[in-house]
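# Residue-level structure breakdown
What follows is the residue order along each chain.
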Amino acid sequence: MKGYLTVFLALSLSILTGFILFLTFCAIRNGEKIRFECAVDIGMNAVLSEYHTELFDKYGLLYIDASYLGVTPSEENVEERLRLYIERNTNQIYNKKNAPWGGIQTGDVEIISFETAAAGKGMSMRNQAVNYVEDTGIIREETLALSCIDELIELEALDPLCEWENVMGQIAEMELPLVLNDQNEWEEVQLSNPADWVYGLAGSSALYFAEARLDRLSPISIDTGNLISHRTIQNTSVSDRIYKQDEEKFLTYLFEKMGNYENIFAEAILCCQIEYLAEGRESDLENMSAVAERIFRWRFADNANRALSDANLRSQAQAAANELQVVQLKREFEDPVVQSILYACAFLESIGDMKALYAGGRIPLRKDAHQMSVDKVLEGIIGTCEGSDGFCYSQYLAGMIALMDEELLNLRAMDIMEMDIRFRKGNTGFCMDWCIERYEALVNAGGSLPEVMRLQRKYGYF
């Protein structure tokens, strides 16, 4: 009986020992898998922790710079950083004393896909900018320009200077009347149009009319060819996520983070960054000039429309025209001369508007009242308009931004970011289309068995 019991216990012990060893093996194997998953998760989060601090500090955007302060950004740079962090929590741990049972050897680390700031031609960057404004609750007066978009479109379509040129051309083509002089010879009577001296100003710079302080501008001229809006853009693929494209919040972000003539930021390549967004030229002076010409055209369009429809101003112009001998001798001159004087009144009023805007004043997009007078044309007076209501300079700028194509605006905003970040030490290889917001990785590793462990993970900031 005792022999049978001994054999039974021996058999039971061997079976039980095998079962215990099997459970131990499964525990070690599962422990390896769990530790591998933890190492990959830690590694991917660690890569995201190396966001570009200067981009975050200046623009509030969270991205990994795939150049890692080097010259050339690449996908391999990110793979090497991910491998480094995974190996620190796998290979290096298992080689130490009192390491856990089992072993993990990191194999291939591959970035399957990633999404950059240039995704959708800047939709990713714009999405983060909108989130930034939502989080901070910033409100700016420049967004009021969006409520006047129809008026802005109407003013943008008008070209009063061309209309005035047509009037002056019509007058020039008209045959002047002849009179007998003291020598009993026929000679032409000179028109002496009072609008001529104002028309002679039409070729001058609007920035000159504005009396802008050009000493505030940066003398630097940038090479736009290497900026994202001009070069071949890489990594623009997008996922199926929904991007926030709120126009009002993005406009708020731009005026909060970028400078303009009224609000110049220190340590920026271009002082007039918003002006660059609107015009895309290579220097502050060029951008300021283009913006000034555009504002002047808008003001001239509004003032000309008001001058031509003002009965009292027209009667003043008719009185001035009828004083001219040519008009008295040839009545067909009257109407075009009157129109030219009205355009001259509007032109002088527009110069006054420009002076007021660039001095920190406000001028409505569409005026209810004006300060035009034919006497200013007759006496050669260029004054400054006075007004405390309406749009300020930055709101006129916001109107230009509101009229822009969204994709072009996104790219030029990233131009500003690139030129500013590259200005800082060690950032010569910085490119917004290599600034990674999300990435997906496939990681392989070996353990206690020949079977390869594989993990696929997708991590990002949003």
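### Looking at the overall build of the chain
When you go through the chain residue by residue, the secondary structure sums to 18 helices and six strands. Relative to its length of 462 residues, the chain is extended, with a C-alpha radius of gyration of 36 Å against a globular reference of 23 Å. Taken along its principal axes, the extent of the C-alpha atoms in the chain is 160 × 35 × 35 Å. Per-residue burial over the chain gives 48% buried out of 462 residues. If you average the places of the 41 positive and of the 72 negative side-chain charges in the chain, the two averages end up 14 Å apart.

### Comments concerning the packing of helix α6 (residues 149-157) against helix α12 (residues 284-309)
Axes are the key here: two packed helices are described by the angle between their axes and the distance separating the axes. Where α6 contacts α12, the axes come no closer than 9 Å and their chain directions differ by 95°. It follows that α6 is roughly perpendicular to α12 by the angle criterion. In this structure, α6 contributes Leu-152, Leu-155 and Glu-156 to the contact, and α12 contributes Arg-294, Arg-297, Trp-298, Ala-301 and Asp-302. Residue composition of the contact of α6 with α12, grouped by class: four nonpolar, no polar and four charged.

### Some remarks on the environment of Tyr-439
Residue placement: Tyr-439 occurs in strand β5 (residues 435-446). Considered as a pair, Tyr-439 and Leu-48 are 391 residues apart in the sequence and their alpha carbons are 9.4 Å apart. Excluding its chain neighbours within four sequence positions, the residues that come into contact with Tyr-439 are Gly-43, Met-44, Val-47, Leu-48, Ile-64, Leu-82, Ile-111, Ser-113, Phe-114, Arg-457, Lys-458 and Tyr-459. Engagement of the side chain of Tyr-439 in a polar contact is seen with the backbone oxygen of Met-44, the distance being 2.8 Å.

### Here we look at helix α7 (residues 160-173)
A rise of 1.5 Å per residue sets the reference length of α7, with its 14 residues, at 20 Å; its end C-alpha atoms lie 20 Å apart and thus fit the reference within 8%. Along α7, the residues classified as buried are Pro-160, Trp-164, Val-167, Met-168 and Ile-171. Axial view of α7: buried residues confined to an arc of 95°, hence all on one face. More than 90 degrees from the buried face of α7, the exposed residues found are Asn-166, Ala-172 and Glu-173.

### What to know about the nonpolar core
Counting 109 residues, the largest nonpolar core has Met-125, Leu-254, Tyr-358 and Met-432 as the members making the most contacts within it. Ranked by residue count, the leading element in this core is helix α15 (residues 334-358), at 15 residues. Apart from residues no more than four positions distant in its own chain, Leu-254 is found in contact with Ile-274, Leu-277, Ile-401, Leu-409 and Ala-413. Judged by nonpolar contacts, the second largest core, of 27 residues, contains Val-47, Ala-66, Val-109 and Tyr-459.

### Thoughts on the side chain of Thr-143
For Thr-143, the position within the fold is in the loop between α5 (123-136) and α6. Within the structure, the side chain of Thr-143 is placed 2.9 Å from the backbone oxygen of Arg-140, a separation counted as a polar contact. The residues contacting Thr-143, other than those within four sequence positions of it, are Glu-248, Leu-251 and Thr-252.

### Comments concerning the pattern of salt bridges
Under the criterion given, the structure shown has 27 salt bridges. Glu-87 is paired through a salt bridge with Arg-83; the nearest N and O atoms lie 3.4 Å apart. Of this pair, Glu-87 and Arg-83 both sit in helix α3 (residues 75-88), four residues apart, which is roughly one turn of the helix. In this structure, Glu-256 engages Arg-140 in a salt bridge whose closest nitrogen and oxygen atoms are separated by 3.1 Å.

### Concerning the environment of Glu-87
Judged by relative accessible area, Glu-87 falls into the partly exposed class, the value being 22%. Taking the C-alpha atoms as reference points, Glu-87 and Asn-77, separated by 10 residues in sequence, lie 16 Å from one another.

### Some details on the packing of α5 against helix α10 (residues 247-257)
α10 packs onto α5 with a crossing angle of 85° between their chain directions and a minimal axis gap of 8 Å. By the angle class used here, α5 and α10 are roughly perpendicular. Across from Met-125, Arg-126, Ala-129, Val-130, Tyr-132, Val-133 and Glu-134 in α5, the residues of α10 making contact are Glu-247, Lys-249, Phe-250, Thr-252, Tyr-253 and Lys-257.

### Brief notes about unusual backbone geometry
Positive phi is not limited to glycine here, since Lys-121 has a value of about 55°. As for its position among the elements, Lys-121 is in the loop between β2 (105-116) and α5. Judged by relative accessible area, Lys-121 falls into the partly exposed class, the value being 27%. For Asn-235, which is not a glycine, the phi torsion comes out positive at approximately 55°. Structurally, Asn-235 can be placed in the loop between α9 (206-210) and α10. A relative accessible area of 21% means that Asn-235 is categorised as partly exposed.

### Here's the deal with the environment of Trp-434
Tracing the chain through its elements places Trp-434 in the loop between α18 (406-422) and β5. According to the relative accessible area criterion, Trp-434 is buried, its value standing at 11%. On a C-alpha basis, the gap between Trp-434 and Ile-233 in space is 9.6 Å, while along the polypeptide they are 201 residues apart. When residues no more than four places from it in sequence are discounted, the contact partners of Trp-434 are Ile-64, Asp-65, Ala-66, Pro-73, Ser-74, Glu-75, Phe-114, Thr-116, Gln-234 and Asn-235.

### Notes on the side chain of Ser-340
In this fold, Ser-340 is placed in helix α15. Excluding anything up to four places from it in sequence, Ser-340 contacts Trp-164, Val-167, Met-168, Ile-171, Asn-193 and Ala-195.

Thresholds, definitions, all that
Residues numbered from 1 in each chain as written. Predicted model: local features only at pLDDT ≥ 70, side-chain atom pairs only at ≥ 80, totals over all residues. Heavy atoms only, no water. Helix = DSSP H or I, 4+ residues; strand = E, 2+ residues; numbered from the N terminus. Rg over C-alpha atoms; globule rule 2.2 N^0.38 Å. Buried < 20%, exposed > 50% of the residue type's maximum accessible area, 1.4 Å probe, protein only. Lys, Arg positive; Asp, Glu negative; His and termini not counted. Charge placed at Lys NZ, Arg CZ, Asp CG, Glu CD. Axes fitted to C-alpha atoms, helices over the stretch in contact; angles between N-to-C directions. Parallel < 35°, antiparallel > 145°, perpendicular 65-115°, else oblique. Contact = heavy atoms within 4.5 Å. Nonpolar A, V, L, I, M, F, W, Y, C, P; charged D, E, K, R; others polar. Polar contact = N/O pair within 3.5 Å; in protein donor to acceptor, adjacent residues only side chain to side chain. Expected span 1.5 Å × (residues − 1). Arc of directions from axis to C-beta. Core = buried A, V, L, I, M, F, W, Y, C linked by side-chain atoms within 4.5 Å. Salt bridge = Lys/Arg side-chain N within 4 Å of Asp/Glu carboxyl O.

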